[in-house]
Amino acid sequence: MFNLSFKAGLVAGVALLSISHAQAASVLSDNFDATSSAGLNQTSLTNFDVSSGSVDVIGNGYFDFHPGNGLYVDLCGTTWQCGALTTKQSFGPGTYKITLGLGGIGYAPDSGVVATDTSAEGVNVSFGTSSHNFLAPAWNAVTTVTEFASLTSNSTLTISDLGLSGNQNVGTNLLSVDVSAVPLPGALPMFGAAMLGLIGVGMKARRKIIA
């Protein structure tokens, strides 16, 4: 009885571990260091198309407003038109966790380059039918934001600047993008089967004792 119970419990434990591991499955991760090169009005990024406006790839000593973060994308390029990035990859139906590293715009509010109040600058994240705005941090700060989205059909992810800095050549700095699949509903049947097995073993053992 102990062996059977132990086996069923082990299966249930493995199922739980599988669910936990599945939640962390990254399907796209990009910090722009190896997928882009520094330059103004860049159009060639490995994982993204510039789907509107223009963007600059900066950092690593080149217009580096957030030292130590490698290369990153100023979502408002130098064409007086804030831009948007759209993934070249399409994502199938399911639930996803989107994590963005954001840096504030590169100029202080009193610099004369941007609006007096830069706290309203940020990005829009569009993924399937989901659309959310996230505010950028203060001009010299960085932060991480997270969103969950459920897709019912194949969709691309688009990240666009809100264009609120008062200078269309200066936007939110996108430091990194991570998209992780959250296939929890798919893992639950395995856990359920393990638990049913454990219950079945318990019922068998009880009948044996009664007999």
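Numbering of residues starts from 1 in every chain and runs along the sequence as written. Whole-chain, interface and lining totals are the exception, using all residues; otherwise, since this is a predicted model, local features are given only for residues with pLDDT of at least 70 and side-chain atom pairs are given and counted only at 80 or more. In computing side-chain properties, one takes all heavy atoms of the structure into account and sets aside hydrogens as well as water.

**Quick notes on the overall build of the protein chain**
1) Next: Secondary structure elements follow DSSP: runs of H or I of four or more residues count as helices, runs of E of two or more count as strands, with numbering from the N terminus. In terms of regular secondary structure, the protein chain is built from two helices and eleven strands.
2) Next: Listed by position from the N terminus, the elements making up the protein chain come as α-β-β-β-β-β-β-β-β-β-β-β-α.
3) Next: Evaluated residue by residue, the protein chain yields a buried proportion of 42% over its 211 residues.
4) Next: Taking all contacts inside the protein chain whose residues are at least 6 apart in sequence as the whole, residues at least 24 apart take part in 74%.
5) Next: Of the roughly 10,700 Å² that the protein chain leaves accessible, carbon and sulfur atoms contribute 60%. We call a residue buried when its accessible area falls under 20% of the maximum for its residue type, exposed when it is over 50%, and partly exposed in between, using a 1.4 Å probe and counting protein chains only. Here, residues are in contact when the closest pair of their heavy atoms is within 4.5 Å. The accessible surface values rely on the Shrake-Rupley method and a 1.4 Å probe; as for residues, cover is taken only from the protein chains in view.

**Concerning the state of the cysteines**
1) Next: The rule for a disulfide is simple: a pair of cysteine sulfur atoms within 2.5 Å. The tally for this structure, following the rule as stated, stands at one disulfide.
2) Next: With its sulfur 1.9 Å from that of its partner, cysteine 76 forms a disulfide with cysteine 82. A torsion of 95° about the S-S bond marks the disulfide between cysteine 76 and cysteine 82 as right-handed.
3) Next: Residue class for cysteine 76 comes out buried when judged on its relative accessible area of 0%.
4) Next: The buried category is assigned to cysteine 82, whose relative accessible area is 14%.

**Some thoughts on the nonpolar core**
1) Next: Among the nonpolar cores identified, the biggest contains 28 residues, and Val73, Leu85, Leu100, Leu157, Leu174 and Val177 are the most heavily contacted of them.
2) Next: Going through the elements one at a time, strand 4 (71-74), strand 6 (94-103), strand 7 (122-127), strand 9 (142-151), strand 10 (157-161) and strand 11 (173-181) are the ones with two or more residues in this core. Nonpolar cores were defined as sets of buried Ala, Val, Leu, Ile, Met, Phe, Trp, Tyr and Cys residues, with membership established by side-chain atoms within 4.5 Å.

**So, the confidence of the model for the protein chain**
1) Next: As a per-residue measure, pLDDT reflects the predictor's confidence and takes values from 0 up to 100. With 73% of its residues at a pLDDT of 70 or more, the protein chain shows a mean pLDDT of 82.
2) Next: Contacts of residues 4-22 to residues separated by more than four positions or lying in other chains number 22 contacts, the stretch itself having pLDDT below 50.

**So, the sheet that holds strand 10**
1) Next: We treat two strands as partners when DSSP finds at least two bridges between them. Across the sheet, which stays open at both edges, the five strands sit in the order 2-5-10-7-8 with antiparallel pairing between neighbours. Lying at the two open borders of the sheet, with one neighbouring strand each, are strand 2 (48-52) and strand 8 (130-135). Across the sheet, the axes of successive neighbouring strands diverge by a mean angle of 20°, strand direction being ignored.
2) Next: Both strand 7 and strand 8 contribute to a ladder of six bridges, which runs antiparallel. The residue of strand 8 that forms the bridge with valine 125 is histidine 132. Lines are fitted to the C-alpha atoms to define the axes, a helix being fitted only along its stretch in contact, and any angle between axes, read from their N-to-C directions, falls within 0 to 180 degrees.

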